[in-house]
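So you can see what is in the structure, the chains are spelled out below.
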Protein chains: 2
Amino acid sequence: MLAMDGYDKYAHEPFAVTVDLAVFTLREGALHVLLVERGQEPYAGHRALPGGFVQPDESAETAARRELAEETGLSDVSGLHLEQLRTYSEPGRDPRMRVVSVAFAALLPDAPEAHGGSDAARADWVPYGTAGPLAFDHDRILADAHERVGAKLEYTCLATAFCPPEFTLGELQQVYEAVWGTPVDRPNFRRKVLATPGFVEPVPGAARLTGGRGKPAALYRAGNATTLHPPLLRPTPEGRPA
Amino acid sequence: MLAMDGYDKYAHEPFAVTVDLAVFTLREGALHVLLVERGQEPYAGHRALPGGFVQPDESAETAARRELAEETGLSDVSGLHLEQLRTYSEPGRDPRMRVVSVAFAALLPDAPEAHGGSDAARADWVPYGTAGPLAFDHDRILADAHERVGAKLEYTCLATAFCPPEFTLGELQQVYEAVWGTPVDRPNFRRKVLATPGFVEPVPGAARLTGGRGKPAALYRAGNATTLHPPLLRPTPEGRPA
DNA sequence: CCCTTTAATAGTCAGCTCGACTATAAAAGG
DNA sequence: CCTTTTATAGTCGAGCTGACTATTAAAGGG
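Note that this is a predicted model, so its numbers are computed, not measured.

**With respect to the nonpolar core**
Argument step 1. By size, the foremost hydrophobic cluster in this structure holds 50 residues, and its most contacted members are Val19 and Val23 of chain A together with Val19 and Val23 of chain B.
Argument step 2. Here the element with the most residues in this core is strand S6 (residues 99-108) of chain A; it accounts for five residues.
Argument step 3. Not counting chain neighbours up to four residues away, the residues in contact with Val19 of chain B comprise Pro50, Gly51, Gly52, Val54, Ala60, Ala63, Ala64, Glu67, Ser101, Val102 and Phe104 of chain B.

Structural data, given as structure tokens:
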């Protein structure tokens, strides 16, 4: 607290503060991440997480949401789930200068082809796990984000953030399977979801949706519950969970 | 990513980056927090979380551990649990300048009277909840830290970080009760702890500790497990968990 | 020296949840 | 019409949990 009491005493180079975004969505049942391609050194030609500098009048959260709108091309990102992950501040993480980056995870229901509009942001949806090594420490950030999202599916109702306003239980189950990378037993899944008050609520108009062959599925909307008690644990292949 | 590709193009004031620490310990069964008293404006006379600037060659984690050592007066803080909470970056959070603060939570087993050694750091252990309004946004940070620690007790073996190397199950239970603020059923608690492989392991020398009246309790050490599956949920007074 | 108090440890029992299934219903396609 | 496909319904036993009761081993006071 010495330094805190005497601001004029400290002598150090300033920090640049950025936000980095791990934006996830589901496309055809597979988890995808939004990545940009770097045109300049360092890491020219590598992919990277979208992000940018925090402006003087912004909080990191505000900057993250602004970047999210810019990179996805979506006009309204106000309802999207955006969550601070953690801050990466290793001295050598950017070879050019001292950059402290606040990382966020975001979830999108549908996947519009990115790099929308006129700005030069070139972002693409890439299936999770298929992008080569990313620039800077972005592999680590992305892995942390994936782990966080997977964990939050267990004890929150976050999964509906991946779904359109109306969805079937099968689609909701696909969210879990895509993020966790493991199959989920269908009858047990619907029992758990339907037994949790406020997780989903049926669309009353006896609505149903069809796109494939089988029996049409009932439609549901996201409820107002946020947490899951008890949690919906992902299957562990055996032994101690990580 | 525009700005990321052209560092020389950005023009903005630099940010100061600090760490703030919410350091918890148990004293006589009650949860305490380490707080410093501010001598200068703003918030002169208010208490605040210990913290300080991140130096140019440090990561936030390194800075946090350095501050932890300085403020507690402990010579060895390498084994202590230190965990990044989140980053607070609202533009107006410090009236003097633009400060982005990375918050950490730390857990101490015993509670040496702080402000040790010769340095001017004056830190005191204050029972949690009894300190008036804190400086800056530190009330919010402290509340977030408390919530995080309480949540992690549910699904990790973190509670042993509050205990000395050897402890009784009663002491371990006190950790849960102090952090959660609710009583815990003793037989059920020990059944759960003992049934979780790797949570605690008995000290083989039939050791026992006594300080009070009743039957002496067996001593245990922390095991090597880190997570709790299934979790040890804190009692909910009824209804939806927050 | 006994008896009360205090705290640790052991054990019981019903209810709930979960994983692993099997069975039925309702559509599409040939 | 029959097969395939997918949604939905139901069954059964194991395991965990919450709410208890009982026993054991010490300290302290009369």
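**A short note on the pattern of salt bridges**
Argument step 1. A complete count under the given rule lists 26 salt bridges over all chains for this structure.
Argument step 2. In this structure, Arg148 of chain B engages Glu83 of chain B in a salt bridge whose closest nitrogen and oxygen atoms are separated by 3.1 Å. In this pair, Arg148 of chain B sits in helix H3 (residues 138-155) while Glu83 of chain B sits in strand S5 (residues 81-88), placing the two residues 65 residues apart along the sequence.
Argument step 3. For Arg148 of chain B, a relative accessible area of 27% puts it in the partly exposed group.
Argument step 4. Residue Glu83 of chain B is classed as buried on the basis of its relative accessible area, which comes to 13%.
Argument step 5. Two residues, Arg96 of chain B and Asp94 of chain B, come together in a salt bridge whose shortest N-O distance is 2.8 Å.
Argument step 6. Look at Arg96 of chain B and you get partly exposed, because its relative accessible area is 31%.
Argument step 7. On the accessibility criterion, Asp94 of chain B (5% relative accessible area) is buried.
Argument step 8. One network of salt bridges, in which partners are shared, links Glu58, Arg66, Glu67 and Glu70 of chain A.

**With respect to the protein's contact with DNA strand D**
Argument step 1. Near DNA strand D lie 23 residues; those nearest to it are Arg186, Arg190 and Ala218 of chain A together with Arg191 and Lys192 of chain B.
Argument step 2. Of all DNA strand D atoms lying within 4 Å of any protein atom, the proportion belonging to sugar or phosphate reaches 59%.
Argument step 3. A class-by-class count of the residues in the surface near DNA strand D yields eight nonpolar, four polar and 11 charged.

**So, the confidence of the model for chain A**
Residues and elements named next belong to chain A.
Argument step 1. Here chain A averages 88 in pLDDT, while 86% of its residues score no lower than 70.
Argument step 2. Helix H1 (residues 2-5) is the least confidently modelled element of chain A, averaging 46 in pLDDT, while strand S5 (residues 81-88) averages 98, the highest of any element.
Argument step 3. Confidence drops under pLDDT 50 across residues 1-6; counting only partners more than four residues distant or on other chains, this segment forms 19 contacts.

**Quick notes on the packing of helix H4 (residues 169-180) of chain B against helix H5 (residues 186-195) of chain B**
Residues and elements named next belong to chain B.
Argument step 1. Relative orientation of the contacting elements H4 and H5 amounts to 105 degrees, with a least axis distance of 11 Å. What the angle tells us is that H4 and H5 run roughly perpendicular. Seen from H4, the contacting residues are Leu169, Leu172, Gln173 and Tyr176; seen from H5, they are Arg186, Phe189, Arg190, Val193 and Leu194.

**With respect to the domain arrangement of chain A**
Residue and element names in this part refer to chain A.
Argument step 1. Examined at the domain level, chain A breaks down into domain 1 (2-153) and domain 2 (156-222).
Argument step 2. Taken together, the contacts link 15 residues of domain 1 with 13 residues of domain 2.
Argument step 3. The largest contributions to the domain 1 side of the interface with domain 2 come from Leu26, Lys152 and Leu153, which together make up 45% of the buried area.
Argument step 4. Residue assignment for the side of domain 1 that touches domain 2 shows that the elements contributing at least two residues are strand S1 (16-27), strand S2 (30-37), S6 and helix H3 (138-155).
Argument step 5. It is H3 that contributes the most residues to the side of domain 1 that touches domain 2, five residues altogether.
Argument step 6. Considering only residue class, the side of domain 1 that touches domain 2 consists of nine nonpolar, five polar and one charged.

**Some thoughts on the protein's contact with DNA strand C**
Argument step 1. With respect to spatial proximity, 22 residues lie near DNA strand C, and among them Arg191 and Lys192 of chain A together with Arg186, Arg190 and Ala218 of chain B are the closest.
Argument step 2. Put simply, 58% of the atoms of DNA strand C that lie within 4 Å of the protein are in sugar or phosphate.
Argument step 3. The contact in question runs from a base nitrogen of DNA strand C to an N or O atom on the side chain of Asn188 of chain A, over 2.9 Å.
Argument step 4. For DNA strand C, a phosphate oxygen lies 2.9 Å from a polar atom in the backbone of Ala218 of chain B.
Argument step 5. Of all the elements in the fold, those that place two or more residues in the surface near DNA strand C are helix H5 (186-195) of chain A together with H5 and strand S11 (217-222) of chain B.

**What about the environment of Gly181 of chain B?**
Residues and elements named next belong to chain B.
Argument step 1. Mapped onto the secondary structure, Gly181 falls in the loop between H4 and H5.
Argument step 2. For Gly181, a relative accessible area of 59% translates into the label exposed.
Argument step 3. When the C-alpha atoms of Gly181 and Phe162 are compared, they prove to be 15 Å apart, with 19 residues separating the residues in sequence.

The rules behind these values
Residues numbered from 1 in each chain as written. Chains lettered and ligands numbered in written order. Predicted model: local features only at pLDDT ≥ 70, side-chain atom pairs only at ≥ 80, totals over all residues. Heavy atoms only, no water. Core = buried A, V, L, I, M, F, W, Y, C linked by side-chain atoms within 4.5 Å. Buried < 20%, exposed > 50% of the residue type's maximum accessible area, 1.4 Å probe, protein only. Helix = DSSP H or I, 4+ residues; strand = E, 2+ residues; numbered from the N terminus. Contact = heavy atoms within 4.5 Å. Salt bridge = Lys/Arg side-chain N within 4 Å of Asp/Glu carboxyl O. Near = heavy atom within 4 Å. Nonpolar A, V, L, I, M, F, W, Y, C, P; charged D, E, K, R; others polar. pLDDT = per-residue confidence, 0-100. Axes fitted to C-alpha atoms, helices over the stretch in contact; angles between N-to-C directions. Parallel < 35°, antiparallel > 145°, perpendicular 65-115°, else oblique. Domains from an automatic or database assignment. Buried area = accessible area lost by both parts, 1.4 Å probe. Polar contact = N/O pair within 3.5 Å; in protein donor to acceptor, adjacent residues only side chain to side chain.

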